[in-house]
Amino acid sequence: MFFIVWGWRGRQKEIGNGEFYCPDCGDYRGYRLIAVTRWFTLYWIPLFKTKELGEFVECGSCQGTFNEGVLQFDPKGAQEKFEASFAIASKRVMFKMALADGEIDEGEIAQITQAFANIAKREISPEDIAAELEAARDDTRPIGDYLEDVAGSLNDTGKELVLRSAIAVAKADGHVDESEESELHELAKALDLPRAYANGVLAEEGIKAMAR
Ligand SMILES: [Zn+2]
């Protein structure tokens, strides 16, 4: 008797590696990207590839397996990106606020420096101040435009922080005039802060409420 022994066998091959955020480990880990193929075998020897079965990602730490989409998941990167755009937008808002009454003084710059340190957790340099002032002066877009990218991702507490920073800057010269008041109202609207919430913050700071 003569038997021909043939069949198929799955084969795995590493086709890439790197670092990713493992959802199971909850942290950044090394990974291997593995391709699975089906091979035709004769006498248990793989002869040729018959089918690409797909690819998966394997965590080097917990050995958990995931589909390739997991490589796009980068919570820390997304957070950093958000913080950077948030810092830029709120900085621009504060300078626009300081310029609302047509002039900017030492007190307002000190307020911006402090508020920016609270928000961005870093110092704003004198060069940065000069550049930002010039940019804010040349930029005639309404306040909402700076916040467009970030307002949607902020919760009410984050929005309140931006509003309070702007109020602190408006108050720095000792009084809040009408132009500053309307800028603050525009800011609250741009932030899409609930009206009652915004008016509560404004009232606490002794500033006129927004009209209906
Ligand atoms: Zn893992």
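These figures come from a predicted structure and were not determined experimentally.

Conventions used here
- Along each chain, residues carry numbers from 1 onward, in the same order as the chain's sequence is written.
- Given that this is a predicted model, residues contribute local features only at a pLDDT of at least 70 and side-chain atom pairs are listed and counted only at 80 or more, while totals for whole chains, interfaces and linings are drawn from all residues.
- Side-chain calculation: all heavy atoms of the structure are included, whereas hydrogens and water are not.
- At least two bridges found by DSSP between two strands are what make those strands a pair.
- Per the convention used, a helix needs a DSSP run of H or I reaching at least four residues, while a strand needs a run of E reaching at least two, with both numbered from the N terminus.
- Coordinating donors are taken to be N, O and S atoms lying within 2.8 Å of the metal, or within 3.2 Å when the metal is Na, K or Ca; because water is excluded from the atom set, some sites may appear incomplete.
- The rule is simple: four donors are tetrahedral if all their angles sit between 85 and 135 degrees, four are square planar and six octahedral if opposite donors span more than 155 degrees and the others lie between 65 and 115, and anything that fits none of that is irregular.
- Under the scheme applied here, a residue whose accessible area is under 20% of the maximum for its type counts as buried, over 50% as exposed, and between as partly exposed, the area being computed with a 1.4 Å probe on protein chains only.
- Note on definitions: a residue-residue contact is assigned when non-hydrogen atoms from the two residues lie within 4.5 Å.
- For the purposes of this description, domain bounds are those given by an automatic or database domain assignment.
- Should a side-chain nitrogen of Lys or Arg be within 4 Å of a carboxyl oxygen of Asp or Glu, the pair is scored as a salt bridge.

Asks: Any chance you could explain the pairing of strand S3 (residues 45-59) here in plain terms?
Replies: Looking along a regular strand, one sees the side chains alternate between the two faces of the sheet. Pairing of strand S2 (residues 27-42) with S3, which is carried by 12 bridges, proceeds in the antiparallel orientation. Looking at the pairing, Phe 40 lines up with Phe 48 of S3. In the sheet, S3 pairs with strand S4 (residues 65-66) via 2 bridges, with the strands oriented antiparallel. Across the sheet, Val 57 pairs through a bridge with Phe 66, a residue of S4. As consecutive antiparallel partners, S3 and S4 are separated by 5 residues, and within that stretch Gln 63 has a phi angle of approximately 65°, a positive value.

Asks: Help me out: how do you make sense of the coordination of the zinc ion in this one?
Replies: Metal coordination angles in their ideal form are 109.5 degrees for the four-donor tetrahedron and 90 or 180 degrees for the six-donor octahedron. Within the first shell, the zinc ion binds the protein through Cys 22 (SG), Cys 25 (SG), Cys 59 (SG) and Cys 62 (SG), at distances of 2.2 to 2.4 Å. Here the zinc ion binds 4 donor atoms, and the angle range of 104 to 115° at the metal identifies the geometry as tetrahedral. Coordination of the zinc ion draws on donor residues from a single chain, spaced C-x2-C-x33-C-x2-C in sequence. Separated by 37 residues along the polypeptide, Cys 22 in strand S1 (residues 6-22) and Cys 59 in strand S3 bring together distant segments of the chain. The burial state of Cys 22 is the same as that of Cys 59; both residues are buried.

Asks: Honestly, the environment of Leu 47 in this entry has me stumped. Any pointers?
Replies: Position of Leu 47 relative to the elements: it lies in strand S3. The sequence separation of Leu 47 and Ala 89 amounts to 42 residues, and the corresponding C-alpha distance is 60 Å. The residues touching Leu 47, leaving out its near neighbours within four places in the chain, are Trp 39, Phe 40, Thr 41 and Leu 42.

Asks: Would you mind going over the domain arrangement of the chain with me for this structure?
Replies: Reports often express the size of an interface as the amount of accessible area lost when the parts come together. Structurally, the chain comprises domain 1 (6-72) and domain 2 (75-204). Each of domain 1 and domain 2 has a C-alpha centre, and these two points are 48 Å apart.

Asks: Would you mind showing me how to read the pattern of salt bridges here?
Replies: Any two side chains of opposite charge can pair, given that their charged atoms come close. With the rule as written, the count across this model stands at 12 salt bridges. Measuring nitrogen to oxygen at the nearest pair gives 3.2 Å for the salt bridge that ties Glu 58 to Arg 32. Of this pair, Glu 58 sits in strand S3 while Arg 32 sits in strand S2; the two residues are 26 residues apart in sequence, bridging distant segments of the chain. Given a relative accessible area of 35%, Arg 32 falls into the partly exposed group. Glu 132 serves as the salt-bridge partner of Arg 92, at 2.6 Å between the closest nitrogen and oxygen. Taken together, the positions of Arg 92 in helix H1 (residues 75-99) and Glu 132 in helix H3 (residues 126-138) put the pair 40 residues apart, joining distant regions of the chain. Connected through shared salt-bridge partners, Glu 160, Arg 164, Lys 171, Glu 204 and Glu 205 make up one network.

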